[in-house]
Amino acid sequence: MFRVCRSFLQDIQTSLKLIRRNNKQIRLEKAKSMSNDPTSPSHVDLEDGVLYGLLKQVKHKSLLQESQPELTTVWCCNIEPKQTKSLLVFIRSFLIPFDNLPLSHVKRFNKKELTTPEGTSTVLQAILCSKEYLDTKEELQNLFHEHTYDNNSDLSEISIYETQIPVRPPPTKELAVEWSQKYWPLSWKGNPNHQYLKSVKFNIQREKSMIGQLLKTSKENGGLPVTIIARESESTSDDHEILAIGTDNRKQHPLQHSTMQAIAKVADSELKRRNNLAENENSNYIQQGKEENNYLCHNLLVYSTHEPCVMCAMALVHSRIGRIIYMKNMQNGSLESNYQLGDMDGLNWKFDIWRWIGEEDLKILAELDAVPSEQEI
Amino acid sequence: MDLTEHFQRVGLSLFVAFKALSINETPVACILVSKKSSKVISIGYNDTNRSLNGTRHAEFIAIDYILDNVEDTFPVDDLILYVTVEPCIMCASALKQVGIQCVVYGCGNDRFGGNGTVLSLHENNYGIIPGILRTEAIQLLRNFYIQENESAPDPKIKKNKELENKLYPEMDYGKYMNESEFIKIYGLERLNSTYINKKEITPVIGKGYRVSDLVSLDDVMGMPGLENMYSRDKKCSGPMTREAVAQDLDSFYRMFYAVDDEGDVTFGTHIKIIGSENKIEFIKEGSDRDTNEVKEPIENGVEKKRRKLSNEGHLH
């Protein structure tokens, strides 16, 4: 009887092993097929970063193909496995809410086998927070002292040290493996840019209508460059709400390029709106929270006939726009042609950059265009 | 090589920046000087908070003033810009497009600098002379940002609480120019002390200075457009009279450490620390020299958050 039972159990174990192996096989194949990506919607061209055949993603090449990751310094500590829970509580309460470091591609814990003369033991290394958030070890130690009362897993005497991790998710699975070994365990969730391209949503009709508006305005102004700033309407079927149309005025002022003009118009009308509000209501204005929504050009959409120059692109960074779609690359442009300013590391703001590649529209622009290709727009 | 004139002119910009503090703008400012006449043609100061336009940096205000009041045509090949902080990428490009000749500036602009720190847009276009009154420029910015630190996310952790005697980060001139370019601008005698040993530049080699030696009441009164700042400054000095400016100058002088003959900042001596909200009034009240406490004005959360957002972007 006992023997039968044992052989039965062994059978079960063997079949479980088989099932596990099979599952692994399936997962592997799934991962493989991800690179050809049958899940990709039909309007998305992952290879070239083109949507609907009309919008081309302009992205920093170093970001797409970085083989050496940009690293950032984080604070780390070693704990015993039994301390995991209280450490997580601590991290969630006192660090995550204040730390801007995006960590979704990084595993919080790293299991390490330590071999000592007495034998091997397991230690967990854990990431606490970025060095940017707390720049000295003392600050972190003080936090631990103040907030860990649990005597069973006292964290207050924990040793804290620095380590370096990649800032961004790895672009390929191979690099994910390589960087995980070299720096810190990372999770692989598919090519991050492909994920982005599949998830980004455009109502292409209303983008077409904005391009139409650009061309129309340029035509009315003798083919001069035009920049439009708009707010995305809450309903996806409506057109974007146009807030300002800027046209090139460099004949009067060398710096009044269309983008600078549009930014100034947005600011002027917001200033007027606030003054009116202040006059009419005379109170409670700040409490309405409006002020925050209308801060500079925060997350607004920008459309431009030409690739902006360094001045204008940096003006868009300062204005914290959400996205630009522009039509014509310029020799002295500073998005795709040089610098890629809206997508540059180290500046305090980034925005999405797309170039309109609809041939019909570009043809119309080329016929209108009154601007020499080396001009700064 | 005598750099006194550069110091005096950046000193004037520094006073304008100080005035910007009192109208709740980021303390960054500049003046445009005509090479031929040696006259101050216009002044500029950060105007982003009032205008709600993140591009209204000092350089743009100064250029617009010229277009509105002085010249009709750019480029003007006769202009030198003196500015307290390295122009940002946007401004550095704008300066190129109007045909500026030379930019003399105080401290580097770590995040956005377009004249050597992040990009070098002046290369093949115009000259730069960095590091003139740079610790003083940083000191003004620290006065502005001190309240930011007070409103940090976790009030339990106060960073940079001690402004008093806080060191200034070193300036690495090698980042902005090579040795021979440095010698051409500042003189061989400064190579060892400043380029290699990171001492502060002084107007005259081997001689220290105070801001009060550099900025005179007459020179301040001679700047065009300053009265606009005074008319905006409702809470404090009132209209721009000689007396009001003299009073401001007195407070202004006391905000900075002297730099000694060796090019070392004289930490340990007493200076004034003010914030943007309680600003000049506070200095007047606390006339005894041992107050350096900064009173934090009461404001609601939204206001704080908004200011936090806005202050980040407004460095030139």
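Up top is the structure.
Residues numbered from 1 in each chain as written. Chains lettered and ligands numbered in written order. Predicted model: local features only at pLDDT ≥ 70, side-chain atom pairs only at ≥ 80, totals over all residues. Heavy atoms only, no water.

(A) Region of the structure containing the overall build of chain A. Check the secondary structure of chain A and you find 11 helices and 12 strands. For chain A, the residues scored as buried account for 45% of the 377 residues in total. In chain A, once contacts between residues fewer than 6 apart in sequence are set aside, the share between residues at least 24 apart is 65%. Element-wise, carbon and sulfur atoms account for 50% of the exposed surface of chain A, whose accessible area totals about 20500 Å². (Helix = DSSP H or I, 4+ residues; strand = E, 2+ residues; numbered from the N terminus. Buried < 20%, exposed > 50% of the residue type's maximum accessible area, 1.4 Å probe, protein only. Contact = heavy atoms within 4.5 Å. Areas by Shrake-Rupley, 256 points an atom, 1.4 Å probe, with all protein chains shown as cover.)

(B) Looking closely at the overall build of chain B. For chain B, the helix and strand inventory stands at 13 helices and five strands. Contacts spanning at least 24 positions in sequence make up 66% of the contacts within chain B whose residues lie at least 6 apart. When the accessible surface of chain B is summed, it comes to about 12500 Å², and 47% of that surface belongs to carbon and sulfur atoms.

(C) Representation of the environment of Val167 of chain A. Residues and elements named next belong to chain A. Note on placement: Val167 falls in the loop between β7 (160–166) and α5 (173–182). For the pair formed by Val167 and Leu103, sequence separation is 64 residues and the distance between their alpha carbons is 8.1 Å. Every residue in contact with Val167, bar those within four places of it in the chain, is listed here: Glu70, Leu71, Thr72, Pro102 and His105.

(D) View of the environment of Met221 of chain B. Residues and elements named next belong to chain B. One can find Met221 in helix α9 (residues 217–221). By relative accessible area, Met221 is classed as partly exposed at 26%. Note: C-alpha distance between Met221 and Ser193 (28 residues apart in sequence) is 35 Å. Not counting residues up to four positions away in its chain, the partners in contact with Met221 are Met240, Thr241, Arg242 and Val245.

(E) Expanded view of the state of the cysteines. All names here are of chain B. In this structure the tally under the stated criterion is zero disulfides over all chains. The structure places no disulfide on Cys102, whose sulfur is separated from the nearest cysteine sulfur, that of Cys30, by 14 Å. Its sulfur unpaired, Cys107 is 13 Å from the next cysteine sulfur, which belongs to Cys88. Residue classification places Cys107 among the buried positions, given a relative accessible area of 4%. (Disulfide = S-S within 2.5 Å.)

(F) Just unusual backbone geometry, in detail. Although it is not a glycine, Arg320 of chain A adopts a positive phi angle of roughly 60 degrees. Within the secondary structure, Arg320 of chain A sits in the loop between α10 (310–318) and β11 (323–328). Located in the positive-phi region is Lys198 of chain B, a residue other than glycine, with phi close to 60 degrees. Its location among the elements puts Lys198 of chain B in the loop between α7 (189–196) and α8 (211–214).

(G) How the structure looks around the side chain of His122 of chain B. By the element assignment, His122 of chain B lies in the loop between β4 (102–107) and β5 (127–129). Setting aside residues up to four positions removed in sequence, His122 of chain B forms contacts with Gly114, Asn115, Gly116 and Ile128 of chain B.

(H) Just the sheet that holds strand β4 (residues 71–79) of chain A, in detail. All names here are of chain A. Strand order in this open sheet of four strands is β5-β6-β4-β7, and the pairing throughout is antiparallel. Both edges of this open sheet fall to β5 (109–116) and β7, since each of them pairs with a single strand only. Between one strand axis and the next, the sheet turns through 40 degrees on average, direction left out of account. Of the pairings in the sheet, the one linking β4 to β7 comprises seven bridges and is antiparallel in character. Considered in β7, the bridge of Cys76 is made with Tyr161. Sheet contacts for helix α4 (residues 137–147): β4, β6 (119–130) and β7; angle to β7, the most-contacted strand, approximately 115 degrees. (Pairing = 2+ DSSP bridges. Axes fitted to C-alpha atoms, helices over the stretch in contact; angles between N-to-C directions.)

(I) Structural context of the packing of aromatic side chains. A full pass over the atoms with the stated rule returns 18 aromatic pairs over all chains. Taken together, a centroid distance of 6.5 Å and an interplanar angle of 25 degrees make the contact between Tyr196 of chain A and Trp354 of chain A stacked. In this pair, Tyr196 of chain A sits in helix α6 (residues 192–199) while Trp354 of chain A sits in strand β12 (residues 352–356), placing the two residues 158 residues apart along the sequence. Look at Trp354 of chain A and you get buried, because its relative accessible area is 1%. Ring geometry for Phe252 of chain B and Phe256 of chain B: centres 5.3 Å apart, planes at 80 degrees, overall edge-to-face. (Phe/Tyr/Trp six-rings, centres within 6.5 Å; stacked < 30°, edge-to-face > 60°.)

(J) Representation of the pattern of salt bridges in the model. Summed over the entire model, instances satisfying the criterion amount to 27 salt bridges over all chains. Taken together, the salt bridges that share partners define one network made up of Glu70, Arg168, Asp345 and Lys350 of chain A. (Salt bridge = Lys/Arg side-chain N within 4 Å of Asp/Glu carboxyl O.)

(K) Spatial organisation of the sheet that holds strand β3 (residues 79–85) of chain B. Residues and elements named next belong to chain B. As summarised here, the arrangement of the five strands in space is β2-β1-β3-β4-β5, forming an open sheet in which the pairing is mixed. The sheet is open, and its two borders are formed by β2 (40–45) and β5, each paired with just one other strand. The sheet shows a mean angle of 20 degrees between the axes of neighbouring strands, direction not considered. Relative to β4, β3 runs parallel, the two sharing five bridges. The residue bridging Leu81 from the neighbouring strand is Val103, located in β4.

(L) Examining the side chain of Gln340 of chain A more closely. By the element assignment, Gln340 of chain A lies in the loop between β11 and β12. Discounting chain neighbours no more than four positions away, the residues touching Gln340 of chain A are Val58, Lys59, His60, Ser334 and Leu335 of chain A.

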